[in-house]
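Architecture and fold: a report
The residues making up each chain are set out below.
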Amino acid sequence: MEPNGALVISATYSDKGGTGLRSLSSSAQAALRHPILNFAEAADMKDYSVMNYNGMTLMIVPNGAGHFGIPDIDLTGVKGIQLTAGWQEAPKQAVGFEVRLDAPDGKLLGTIQLGTTGHPAVKPGSFGGTMLSGAIEPITDGKIHKLYIVSKPSGEGSFTTLALQGLTLTGN
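Keep in mind that this is a model prediction, so the values were computed, not measured.

So, on to the overall build of the chain. When helices and strands are counted, the chain shows 0 helices and 13 strands. For the chain, the sequential pattern of α-helices and β-strands runs β-β-β-β-β-β-β-β-β-β-β-β-β. When the 172 residues of the chain are sorted by exposure, 35% land in the buried category. Across the chain, the fraction of contacts at a sequence separation of at least 24, relative to all contacts at a separation of at least 6, is 72%. Of the roughly 9900 Å² of accessible surface on the chain, a fraction of 52% belongs to carbon and sulfur atoms.

Written out as structure tokens, the structure reads:
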């Protein structure tokens, strides 16, 4: 499956019926979205900017608080989230990412922190990065939601350019 695609499963059943019984038929289908979400679909952005690089849509994290939303998400079975972050210079300011339901101030599902220590030095002209993982509160209502990522810097310092490269929904 393509990273921005979906798998559609269809099933159809028919029988011929029987003596005194009418035939039965039914069909159903389900679309399974890829667990890696496309930032090209991001909407309702506050202070984030979008950058396209080598075919990827990157979300540039603001030095202050900001947010963006990804629409049309079924969170059934989702228990965790992974954010892939990248930079040309390791962050000198910590930033927290809140995962919220349906609005920037909606229900808090979980948080992920990016600290300022433990990142290897980046060679000039190269890129560094990390995978951030965290648990989120399961949503079991079976409805389609908008998933918000709200970033809030903490502490002193700043980062030159911090980009979110990917967001993956996980079942664990």
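Having seen the model, we can carry on.
Attention shifts here to the environment of tryptophan 87. Take tryptophan 87: it is sitting in strand S8 (residues 80-87). Setting aside residues no more than four positions away along its own chain, tryptophan 87 makes contact with Leu114, His119, Val122, Phe127, Gly128, Gly129, Thr130, Thr161 and Leu162.

Counting buried positions along S8 yields 6 of 8 residues, so the element is predominantly enclosed. Bridge analysis of S8 against strand S11 (residues 128-135) gives 8 bridges, and the strand direction is antiparallel. Its bridge partner lying in S11, glycine 86 is registered against glycine 129. In this structure, S8 lies alongside strand S13 (residues 162-170), joined through 8 bridges in antiparallel fashion.

Moving on: the pairing of strand S12 (residues 144-154). One ladder, built from 7 bridges, connects strand S7 (residues 66-74) with S12; its direction is antiparallel. Bridged to glycine 66 within S12 is serine 151. Note: strand S9 (residues 94-101) against S12, 8 bridges, orientation antiparallel. Its bridge partner lying in S12, arginine 100 is registered against tyrosine 148.

On inspection of all chains with the given rule, the structure shows 3 aromatic pairs. Feature note: the residues Phe39, Tyr48 and Phe68 constitute an aromatic cluster, connected by ring pairs.

Our next topic: the side chain of histidine 145. Of note, histidine 145 is situated in strand S12. Polar side-chain contacts of histidine 145 include one of 2.9 Å to the side chain of aspartate 102. For histidine 145, the side chain forms a polar contact with the side chain of aspartate 141, separated by 3.0 Å. Residues contacting histidine 145, with those up to four places away along its chain left out, are Ile70, Pro71, Asp72, Ile73, Leu75, Leu101, Asp102 and Ile139.

What counts, and at which threshold
- Residues numbered from 1 in each chain as written.
- Predicted model: local features only at pLDDT ≥ 70, side-chain atom pairs only at ≥ 80, totals over all residues.
- Heavy atoms only, no water.
- Helix = DSSP H or I, 4+ residues; strand = E, 2+ residues; numbered from the N terminus.
- Buried < 20%, exposed > 50% of the residue type's maximum accessible area, 1.4 Å probe, protein only.
- Contact = heavy atoms within 4.5 Å.
- Areas by Shrake-Rupley, 256 points an atom, 1.4 Å probe, with all protein chains shown as cover.
- Pairing = 2+ DSSP bridges.
- Phe/Tyr/Trp six-rings, centres within 6.5 Å; stacked < 30°, edge-to-face > 60°.
- Polar contact = N/O pair within 3.5 Å; in protein donor to acceptor, adjacent residues only side chain to side chain.

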